[in-house]
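One-letter residues, chain by chain:
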Amino acid sequence: MFEPHVFEMNERSHTFSYNIDPLQQTRTFLMSLMTVKDLEKLQATLSEAGHDYQLELEDGKIIVMGPSDIVSSEIGALLIRLLGNWVYPRRLGRLFDSAGGFIMPDTNLTAPDVSFVRASRLLQSPRYFGQLVPDLVVEIKSQSDRINPLEKKVKKFLELGAVVGILIDPDESTLTVYRPTGEPIVLSNEETLSIPELFPGWKLPISELWPPIFTEEETQI
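Bear in mind the structure is a predicted one, so any value in this text is a computation, not a measurement.

**Brief notes about the overall build of the chain**
Counting secondary structure elements, the chain contains three helices and 14 strands. Taken over 221 residues, the chain has a buried fraction of 43%. Sequence-distant contacts, at least 24 apart, represent 53% of the contacts inside the chain between residues at least 6 apart. As displayed, the chain offers around 12600 Å² of accessible surface, 52% of which is attributable to carbon and sulfur atoms.

This is the structure:
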């Protein structure tokens, strides 16, 4: 007999229940008592059932992260490429996409859309979640996201030890930089992003973050 499991969703999705039990075992998950180990067990069960969900742990609750729209996804890929071209040749550290999970000091498990960890803090990536707060965290607003929850998420990373937080809003074509002290800095298309405390000398025109629009002439072979 299949046991229904209810997963709490974030703003990108809806609360739902799904019947799974590929091992014919009954598993009961108490949402208020979830730990990372519980999440791992649930993830394994989902995987065995043929479901590939991205899970996060927030205040003892499992959050199922829905897929992003492809504009937000492409912005994340562009940022990783543009930053990676500077980071990896200089061996400054490591970049991670939205699939990279980190266990926070408050025991939450979260995965920023883009994150960076300095080499001195992570000499080798473990075959597991990162157990530290990234130095740089980036959240990219999806079509269904609201700005306020994302802003709170970025600020929480800073409270836990992140050096710089970034919130990208494709709808407004803006990028906001947050630091532990001082006011947020909002950058628009005509401006340039720099993060000297992590990437001395690196600069990125904000206009390069947005997905290109191709002409029909360009697509002709």
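Picking up after the structure, the text goes on.
**Overview of the side chain of S115**
Within the element layout of this structure, S115 appears in strand β8 (residues 114-118). Once residues within four sequence positions are removed from consideration, S115 is found in contact with R94, L95, F96, F102, P134 and L136.

**What about the packing of aromatic side chains?**
This structure, assessed with the given rule, holds four aromatic pairs. Considering the side-chain rings of F96 and F102, the 5.5 Å spacing of their centres and the 80 degrees angle between planes classify their relative orientation as edge-to-face. Across the pair, F102 and F96 agree in class, each one buried. Seen from their ring centres, F199 and W202 are 5.8 Å apart, and the 75 degrees between their planes marks the pair as edge-to-face. Comparing F199 with W202, the two get one shared label, buried. In textbook terms, an aromatic cluster arises when at least three aromatic residues are bridged by ring pairs, as seen for F116, F199 and W202. One residue, R90, lies across the ring of W86, its end atom 3.5 Å from the ring centre.

**Here we look at the layout of surface pockets**
Reported here for the second largest pocket is a volume of approximately 200 Å³. Lining the second largest pocket, in full, are F96, G100, G101, F102, L122, S125, P126, R127, Y128, F129 and G130. Counted by class, the lining of the second largest pocket contains six nonpolar, four polar and one charged residues.

**Quick word on the pattern of salt bridges**
Going through the model one piece at a time under the given rule, you end up with six salt bridges. We note a salt bridge from K141 to D171, for which the minimum N-O separation is 2.7 Å. Residue K141 is found in the loop between β9 (136-140) and α3 (147-160), and its partner D171 is found in the loop between β10 (164-169) and β11 (174-178); the two are separated by 30 residues along the sequence. Given a relative accessible area of 9%, K141 falls into the buried group. For R179, the salt bridge is made with E197, and the minimal N-O distance between the two is 2.6 Å.

**Observations regarding the sheet that holds β9**
Pairing in this open sheet of six strands is mixed, and the strands run β5-β8-β9-β10-β11-β12 from one edge to the other. Among the strands making up the open sheet, the edge pair consists of β5 (93-96) and β12 (185-187). With direction set aside, neighbouring strand axes in the sheet form an average angle of 15 degrees. Contacts between helix α2 (residues 70-87) and the sheet are confined to β5, β8, β9 and β10, with β5 contributing the most and set at about 170 degrees to the helix. Contacts from α3 reach β9, β10 and β11 within the one sheet, and its direction differs from that of β10 by about 165 degrees.

**Things to note about the side chain of D169**
One can find D169 in strand β10. The buried charged residue D169 lacks any salt bridge partner; its closest oppositely charged side chain belongs to K141, at an N-O distance of 4.8 Å. Apart from the residues within four sequence positions on either side, D169 is in contact with K141, I147, T174 and W210.

**Structural notes on the pairing of β9**
Burial analysis of β9 places five of its five residues in the buried class, which makes it a mostly covered element. By the alternation rule, side chains of β9 split into L136, V138 and I140 and V137 and E139, which are all buried. Here β8 pairs with β9 via three bridges, running antiparallel. Bridge pairing in β9 places V114 opposite V138. Two strands pair when backbone bridges link them, and β9 and β10 are joined in this way by five bridges, in the parallel orientation. Residue pairing for β10: L136 is matched across the bridge by V164. The β-α-β motif built from β9, the intervening α3 and the parallel element β10 has right-handed crossover chirality.

Cut-offs and rules
Residues numbered from 1 in each chain as written. Predicted model: local features only at pLDDT ≥ 70, side-chain atom pairs only at ≥ 80, totals over all residues. Heavy atoms only, no water. Helix = DSSP H or I, 4+ residues; strand = E, 2+ residues; numbered from the N terminus. Buried < 20%, exposed > 50% of the residue type's maximum accessible area, 1.4 Å probe, protein only. Contact = heavy atoms within 4.5 Å. Areas by Shrake-Rupley, 256 points an atom, 1.4 Å probe, with all protein chains shown as cover. Phe/Tyr/Trp six-rings, centres within 6.5 Å; stacked < 30°, edge-to-face > 60°. Lys NZ or Arg CZ within 6 Å of the ring centre and 35° of its normal. 1 Å grid on protein atoms, 1.4 Å probe; cavity = no way out; pocket = protein on both sides within 12 Å on 5 of 7 lines; lining within 4 Å. Points joined across faces, edges and corners; volume = space filled by probe spheres on them. Nonpolar A, V, L, I, M, F, W, Y, C, P; charged D, E, K, R; others polar. Salt bridge = Lys/Arg side-chain N within 4 Å of Asp/Glu carboxyl O. Pairing = 2+ DSSP bridges. Axes fitted to C-alpha atoms, helices over the stretch in contact; angles between N-to-C directions. Lys, Arg positive; Asp, Glu negative; His and termini not counted. Right-handed = clockwise from strand over helix to strand, strands pointing away.

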